[in-house]
Amino acid sequence: MTFHTVISGRVLAAVILMGHCVLQTISISSSNTGENLPGNFIAFDSVPDRVGDGSALCVRYLCSGPCRLAVEVAVSTLRETNVVVFRRKWMSSASQVHRIRWLLVRWPPSILYQRDFFNRRELEARNATVRAQLDHLGEDGTHNGATLRIYKELPLPERLAKRAHVCLSWSAQVMWQITRDRFLFSLRLTDPIDLLSFPLASTGEQFGVVRRFQPFIDRALEEARRGAVTRPSVTFSVWLYLLEPCRAKLCGIIHHMDGNDSYNSVLMQLTDAGDIIIQTRVTMGADEAFRTNRALPLGKWIRLDCYVQDSEVRLDTTWDDKTIKHVYRFRGSIHYDDTDGYFVIGGSRYLKGIRGYFGPIRYYRFGTKEVRNPPTTLHQMEKTLQECQEVREWTRTFVQRVTESHRKETGGCISPFTELAGCFQRNVSKQTWSWEEQLKHRPLFKFLQQQEGNIGTGSLGVGSLGGALLQRAIQTLFTVGREQNSIDGGSLDLLRASSCFGDHRASLLLAAAHLSGLAANRQLGHAYSLIGAAGDSRLALMHAGYKHARGIDGFPRDPDVAYGYYSNVGKQSNEDGLRMHEYMQYIPEHIYLSDEENLRSRDSLSSDVFEYMKLQAERGDVQAQRRLASMLFWGQHGISKDPGGAMMWFERSAMQMKDPSALYDYSILLMKGPRVTRNRSQGFRLMQKAAAMGSISAVNGLGWYHGTVLKEHAKALEYYQRAALNGGSADAVFNLGVYRLNGKHPRRPERNETAAFHYFLDAAQLGHTVASVEVAWYLATGSLQGAPRDADRAVTMLRDVCEQNGHLGFTVREALHAYLEGSRQEALAKYILAAETGLGLAQINAAHLCEELSIGRHCQLRYLGLAVLEPSAHPSALLKMGDYHYDGGRGDSLSSTTQAISMYGRAAVAGSPQGMFNLAVLVQRGHVVPLSVRGLFNVTSLDEQEVVVEKILQRCLQNEAADAASPCSVALLRVQMGKALSRVTQSGVQLVLACATLLSAAVTATLLLLQCCLGQKGSRQPAVGPRAETPHVSRASVSAGRERGGIMRPAARNQWLSILNGPERLQQAADWAMTLSGVCVCALWTTLLYHLL
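Residues numbered from 1 in each chain as written. Predicted model: local features only at pLDDT ≥ 70, side-chain atom pairs only at ≥ 80, totals over all residues. Heavy atoms only, no water.

The next subject is the packing of aromatic side chains. All told, the structure shown has 22 aromatic pairs when counted by the stated rule. Ring geometry for F734 versus F760: centroids 5.2 Å apart, planes at 35°, classification tilted. Note that F734 is positioned in helix α25 (residues 730-742) and F760 in helix α26 (residues 753-765), a separation of 26 residues in sequence. Take F734 and F760: they sit in the same class, and that class is buried. Here F757 and Y778 contribute two aromatic rings whose centre-to-centre distance is 5.6 Å and whose plane-to-plane angle is 75°, an arrangement assigned as edge-to-face. Separated by 21 residues along the polypeptide, F757 in helix α26 and Y778 in helix α27 (residues 769-781) bring together distant segments of the chain. On the basis of relative accessible area, Y778 is assigned to the buried category, the value being 1%. What links up through ring pairs into an aromatic cluster is the set F213, F236, Y336, F343 and Y363. (Phe/Tyr/Trp six-rings, centres within 6.5 Å; stacked < 30°, edge-to-face > 60°. Helix = DSSP H or I, 4+ residues; strand = E, 2+ residues; numbered from the N terminus. Buried < 20%, exposed > 50% of the residue type's maximum accessible area, 1.4 Å probe, protein only.)

An ideal rise of 1.5 Å per residue puts 16 Å on twelve residues; helix α35 (residues 913-924) measures up with 17 Å between its terminal C-alpha atoms. Residues of α35 that are buried: G915, M916, N918, L919, A920, L922 and V923. Once α35 finishes, G926 follows within two positions and takes phi at roughly 105°, a positive value. (Expected span 1.5 Å × (residues − 1).)

Let us look at unusual backbone geometry. Of note, the bond from S265 into V266 is cis; its omega dihedral lies within 30 degrees of zero at 5°. Counting through the fold element by element, V266 comes out in strand β13 (residues 263-271). In the Ramachandran plot, N293 falls in the positive-phi region, its phi being about 55° despite a non-glycine side chain. In this fold, N293 is placed in the loop between β15 (287-291) and β16 (301-309). The backbone of D320 shows a phi angle near 55°, a positive value even though the residue is not glycine. As for its position among the elements, D320 is in the loop between β17 (312-319) and β18 (322-329).

What follows is about the packing of α26 against α27. Across the interface, α26 lies against α27 with an axial gap of 8 Å and an inter-helix angle of 130°. Of the possible angle classes, the one that applies to α26 and α27 is oblique. Considering how the two elements wind past one another, α26 and α27 form a crossing that is left-handed. Counted together, E753, F757, F760, L761, A763 and A764 of α26 and A771, S772, E774, V775, W777, Y778 and L779 of α27 form the full contact between these two elements. Among the residues forming the contact of α26 with α27, the class breakdown is ten nonpolar, one polar and two charged. (Axes fitted to C-alpha atoms, helices over the stretch in contact; angles between N-to-C directions. Parallel < 35°, antiparallel > 145°, perpendicular 65-115°, else oblique. Left-handed = near helix turned anticlockwise from the far one by under 90°. Contact = heavy atoms within 4.5 Å. Nonpolar A, V, L, I, M, F, W, Y, C, P; charged D, E, K, R; others polar.)

Encoded structure:
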């Protein structure tokens, strides 16, 4: 098709359309003859279905005087609105005359063609608005203010691909391929953002999920976002489930903190009365808010849709399929910049959160007219919570009836109201549950009937019912269904009831059962995980944080959500650390059930080790006294806590005035006084003595005393700096950071948050838990300039703090004691509680018990698999998983063998000789060493197989016990011998020597064999030599014999000689052969030793 043909076609189309317009106009004019038409009129007589390049527009107009007319086509994009892409203007001086004008639309390349290298400024529009305008002109030709406009919206046609007339260079093509999709990626950023896609448990405290938003990559979209800061259009959609009213005056739902840690638009808060407050900041700088005055219900899923448009906010509240709308217009436009600062879902250090659950939360950065936020995963949670509510009500009624009945039977005191109520209930059955309810909750009902006596006496109340149900459930949890990888259904019912009564260890066990496959409903597992976390259980919070940090068991990987859970436990761990001496807390000890030697050392107070240490302490050994005091105070090595006995040994070790550490330990106890009478003056004197003797902890303690008790901050800073610089005291470094954060530094009184952060970071690296929590907050929020946001690192730091929690240590200790006492099922249940928090020790021990109790291979592999997910996994878990992959694939599957090599390689990096030996065996079979392991053994891809194996075995030998004949030493000797033999065969002379050695050895063996055979044959024939009992034979007899028998034959003579001389010759040949063989062997062995050494 030529250019002239195209032009002719368009002209012809325009003529036809013009003729059509003219015919329409003639018919209209004739039909309106004699009518009183309006003085001004403009309309489209002909507009195509799709307005494209070359489309014809027919406009009919009537002016009452001189006028100016215009036709425009405008489009709107995400970047800007009402972009005029076509405009035609003309003047009309004829008045009261109907006129027609046709126009051909011409598109610019940004609308007409597809985006390419030459057409980069593409306008992403789908519809166009065609509008016509009529303006009156005065007598002097100026606009007099009267305007008439009409609009019509039409779709745009498909874009054309423009043929390029210039060939691009190779570098230009590459750059275009890299950058052409950037704008499309930016467009996807305008889609709804899921702030939460998985339900979140909120404890009603100052912990929540932090979200930050970055500027758009595309420059045009970023300009559009900045332009909307003073005229925003955004939408939030939030699902809520309230368990109880707000505990404070205000509770956070969503709040925005700017870069100065001040509230900014938008804040959505719940009041103590149950209604919603929306707070914003207007462009004039003031903060304004409005209140809905409609209380939200408890125990229902509620959806809040907040639409922000310029100065107007609309809040739609929906529950039970009913929607209540609230609209409020502020006095000025709202100022909204979502890249300034961060958003928090729930609570933060500035505001408490709600007590309940968050469902899916969606955020539209450019707003929307219709919110799509379905409650896809919320029904199971609501059903579980409702069932719990029913169980609690029924059980409370049962307990109340049993208690009243027991009081009547024993003649106890009954209130008049209770007695009056009993008069109306004499004919009513004491049974509070229907038959259907008894069948539904049969295990619980049976348990309550068995405990009716304890309930009546009050020894078992509603508050302690959860723990009793848990103990009963654990006893039968793993007794059935081992071959089917399932657990007892009745035990699950008891666990559900225990969870409903607030023992969230049961919630965690239920979650583990459902998530591991021992029970069949993963959504129930998620529900019980959230129920336990909402109950503020430390283990359940760690469980939820661990799942989100790893993205396993159906939990989406989300470090921000994981931080929200871990930050709660991190703060509790710091508070628990101040009460570590209490009975329910112990320092976690790492005892593996597969380590039999370590298990045997776990003795009670009557153990030999403890008695020997006690004997040494009584003899006055300061180190033994101090060690014994620590064991009794903290309850280490299986010994029960005895604070009184610990204080006695602390005092005896300190009063010897020999050990500065002993002096410090006793002085700090006297100052802070947990379970001991405080005596700060004596403690201060002892601490001064310890500091003078060189105790860095005592120097830091003097700083604390001067700063906290005496309020001498300058003196305190001197001590802190001395302890930090000379001894690297973590407490001293942290205290210096506190001074910089609070602005109490005598020489630098200004508040310096950046300097404080660096002090906290140094202290965290030294193991300070409070500093780790502070640093994690800065990393999670990214609120400090110079400290980039890193949620993963924040989670890692908090997890290390949480795994030192005393309640977690208590659970591990109980599990170990149950195992040592022979209660394997209880031990497994408690190890599972700790394993679900992500503690590698508990995961390995749980896998060990799953194998020991034969509870299906899936149970063992689950916890081993969780253990090896950690970068610092224990070698025993890595070896077990490596064996499983290799044995499961039977060494034939390439993927299984590759995974086995990876596990053995990680075990080798961790220092396991067994892992190194297994890796060497697989390398000998032709497999390749992983890249992550090569550096450990100093091997490269160019090294031969024998060299790689030798280096691995040499490293293995270094890690093994020196006094043991280990597999690695035997294997290394075999490899080196083979290597030496290989070198021997490469030399001609040495090869001849080896062959001569073998030949001489073969000849020697043959001769010795013949000699042995002849010796046995000769022993069966008569003796050749003279015998004493043989009578003498005379020469005459011989002669007579010759005459009778003739002359003796030669054959007989030769045989006789061979009998006489054969053994001697064989002996001589054997001696020569043995000598030659010995010489050859010595020469060959010398050669081998040369090559070996």
